[in-house]
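Each chain, letter by letter, is given below.
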Amino acid sequence: MTKGEHRQAPGEGDASLVDQYGFSSLDALEYLLILEEKYDVVFEDEDLTEETLFSIEGLATYILEQRAGESRSLT
């Protein structure tokens, strides 16, 4: 870690991607496209909320829920 860099310790809460990594709206969109491809999910327009988009925890929860929904629909 470099001087002045702050890495969030586990249990400190979930900082905003914008605040923590300096994402612009274009960066966030590009990141979502990468996540969609990597995890084979689709971020629906109605699910693009602050809770879903602005934290690692929110993104992870959304992806896991989408993947779990796929598993249930295949059985």
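Residues numbered from 1 in each chain as written. Predicted model: local features only at pLDDT ≥ 70, side-chain atom pairs only at ≥ 80, totals over all residues. Heavy atoms only, no water.

**Student:** Help me out: how do you make sense of helix 2 (residues 25-39) in this one?
**Tutor:** Structurally, the α-helix is built with 3.6 residues per turn, so residues lying three or four positions apart point the same way. In this model helix 2 runs 21 Å from its N-terminal to its C-terminal C-alpha over 15 residues, within 8% of the 21 Å that 1.5 Å per residue would give. Positive backbone phi, at 55°, marks Asp40, one or two positions downstream of helix 2. (Helix = DSSP H or I, 4+ residues; strand = E, 2+ residues; numbered from the N terminus. Expected span 1.5 Å × (residues − 1).)

**Student:** How should unusual backbone geometry be read in this particular structure?
**Tutor:** Both trends apply: most residues other than glycine have a negative phi, and most peptide bonds are in trans. If you check the backbone angles, Asp40 has positive phi at about 55° while not being a glycine. Within the element layout of this structure, Asp40 appears in the loop between helix 2 and helix 3 (50-53). The exposure class assigned to Asp40 is exposed, which follows from its relative accessible area of 53%. (Buried < 20%, exposed > 50% of the residue type's maximum accessible area, 1.4 Å probe, protein only.)

**Student:** I keep staring at the packing of aromatic side chains and nothing clicks. Help me out?
**Tutor:** Each pair of aromatic rings is reported with the distance of its centres and the angle of its planes. Applying the stated criterion across every chain yields a total of three aromatic pairs. For the pair Phe23 and Tyr31, a centre-to-centre distance of 5.5 Å together with 75° between the ring planes defines the contact as edge-to-face. The ring of Tyr39 has Lys38 sitting right over it, with the charged end atom 5.8 Å from the ring centre. (Phe/Tyr/Trp six-rings, centres within 6.5 Å; stacked < 30°, edge-to-face > 60°. Lys NZ or Arg CZ within 6 Å of the ring centre and 35° of its normal.)

**Student:** Would you mind showing me how to read the nonpolar core here?
**Tutor:** Nonpolar side chains in soluble globular proteins tend to be buried together. Counting eight residues, the largest nonpolar core consists of Leu17, Leu32, Leu35, Val41, Phe43, Leu59, Tyr62 and Ile63. When contributions to this core are tallied by element, the ones reaching two or more residues are helix 2 and helix 4 (56-74). At three residues, the largest contribution of residues to this core is made by helix 4. Sequence-distant contacts of Ile63, that is, excluding residues within four places in its chain, are made with Leu35, Tyr39, Val41 and Phe43. (Core = buried A, V, L, I, M, F, W, Y, C linked by side-chain atoms within 4.5 Å. Contact = heavy atoms within 4.5 Å.)

**Student:** Is there a simple way to explain the confidence of the model for the chain in this structure?
**Tutor:** Segments scoring low in pLDDT should not have their predicted coordinates read at a detailed level. When pLDDT is averaged along the chain, the result is 76, and 73% of the positions lie at 70 or above. Per-element averaging of pLDDT across the chain places helix 1 (residues 17-21) at the bottom with 77 and helix 2 at the top with 89. When the criterion is pLDDT under 50, residues 1-12 qualifies, and its contacts beyond four places in sequence or with other chains add up to seven contacts. (pLDDT = per-residue confidence, 0-100.)

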